Amino acid sequence: MSPRSLFSIVLKITGIFFIKDMLVATPQLVSSFLFLIRSTGFPENAWVLITTLITLAIYGLVIVYLVLKTDWVIDKL
């Protein structure tokens, strides 16, 4: 086993942990959206919804690069 393949395995396992975190954060997005629909304080609730969407987008990018484009990440490091 070369160091490159070991590092690839470590990055992919880290990406799988990010998938778990993304699945945990998804119900927060749904509850924020439902709360936004029912409440009257639109700016505050919209801010929570936007930050949750940004967080999920960042998780998605990290997952793509760690799980699917591992060789590219290893080359850059």
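Procedures and definitions
- Residues numbered from 1 in each chain as written.
- Predicted model: local features only at pLDDT ≥ 70, side-chain atom pairs only at ≥ 80, totals over all residues.
- Heavy atoms only, no water.
- Helix = DSSP H or I, 4+ residues; strand = E, 2+ residues; numbered from the N terminus.
- Rg over C-alpha atoms; globule rule 2.2 N^0.38 Å.
- Buried < 20%, exposed > 50% of the residue type's maximum accessible area, 1.4 Å probe, protein only.
- Core = buried A, V, L, I, M, F, W, Y, C linked by side-chain atoms within 4.5 Å.
- Contact = heavy atoms within 4.5 Å.
- Salt bridge = Lys/Arg side-chain N within 4 Å of Asp/Glu carboxyl O.
- Expected span 1.5 Å × (residues − 1).
- Patch = residues over 30% accessible without salt bridge, like charges linked within 9 Å, V, L, I, M, F, W, Y side chains within 5 Å.
- Areas by Shrake-Rupley, 256 points an atom, 1.4 Å probe, with all protein chains shown as cover.
- Phe/Tyr/Trp six-rings, centres within 6.5 Å; stacked < 30°, edge-to-face > 60°.

Novice: Looking at this structure, I do not really get the overall build of the protein. What am I missing?
Specialist: Within the protein, the secondary structure is distributed over three helices and zero strands. Secondary structure elements of the protein, listed N to C terminal, follow the sequence α-α-α. What you see for the protein is a C-alpha radius of gyration of 17 Å, clearly larger than the 11 Å of a compact globule of 77 residues, by over 25%. A principal-axis box enclosing the C-alpha atoms of the protein has dimensions of 60 × 20 × 15 Å. Looking at the 77 residues of the protein, the share that counts as buried comes to 22%.

Novice: Sorry if this is basic, but what is going on with the nonpolar core here?
Specialist: A general trend in soluble globular proteins is that nonpolar side chains are found buried together. Counting residues in each nonpolar core, the largest one holds six residues, listed as Ala 25, Leu 29, Leu 36, Ala 46, Leu 49 and Leu 56. Of all the elements in the fold, those that place two or more residues in this core are α1 (3–38) and α2 (42–68). Among all residues touching Leu 56, those that are not within four sequence positions of it are Met 22, Ala 25, Thr 26 and Leu 29.

Novice: Whenever I open this one, the pattern of salt bridges confuses me. Can you help?
Specialist: Side chains that differ in charge, positive against negative, can pair when their charged atoms come close. Within this structure, the stated rule accounts for two salt bridges. A salt bridge links Asp 75 to Arg 4; its shortest N-O distance comes to 2.9 Å. Note that Asp 75 is positioned in helix α3 (residues 70–76) and Arg 4 in helix α1, a separation of 71 residues in sequence. Looking at Asp 75, the relative accessible area reads 54%, which means it is exposed. For Arg 4, a relative accessible area of 39% gives the class partly exposed. Measuring nitrogen to oxygen at the nearest pair gives 3.1 Å for the salt bridge that ties Lys 20 to Asp 21. Overall, the relative accessible area of 28% leaves Asp 21 in the partly exposed class.

Novice: How do you make sense of α1 when you look at a structure like this?
Specialist: Look at α1: 53 Å from first C-alpha to last across 36 residues, which is about the 52 Å you get at 1.5 Å a residue. Among all positions in α1, only Ser 8, Leu 11, Gly 15, Ala 25, Leu 29, Ser 32 and Leu 36 are buried.

Novice: Just to check I follow, could you spell out a nonpolar patch on the surface for this structure?
Specialist: Together, Met 1, Leu 6, Ile 9, Val 10, Ile 13 and Phe 17 give the surface a local cluster of nonpolar side chains, amounting to about 620 Å² of exposed area. Look at Val 10 and you get partly exposed, because its relative accessible area is 41%.

Novice: Is there a simple way to explain the packing of aromatic side chains in this structure?
Specialist: One pair of aromatic rings is described through two measures. These are the centre distance and the angle between the planes. Following the criterion strictly, the structure yields two aromatic pairs and no others. Between Tyr 65 and Trp 72, the aromatic rings sit 5.1 Å apart at their centres with planes inclined by 40°, giving tilted as the arrangement.

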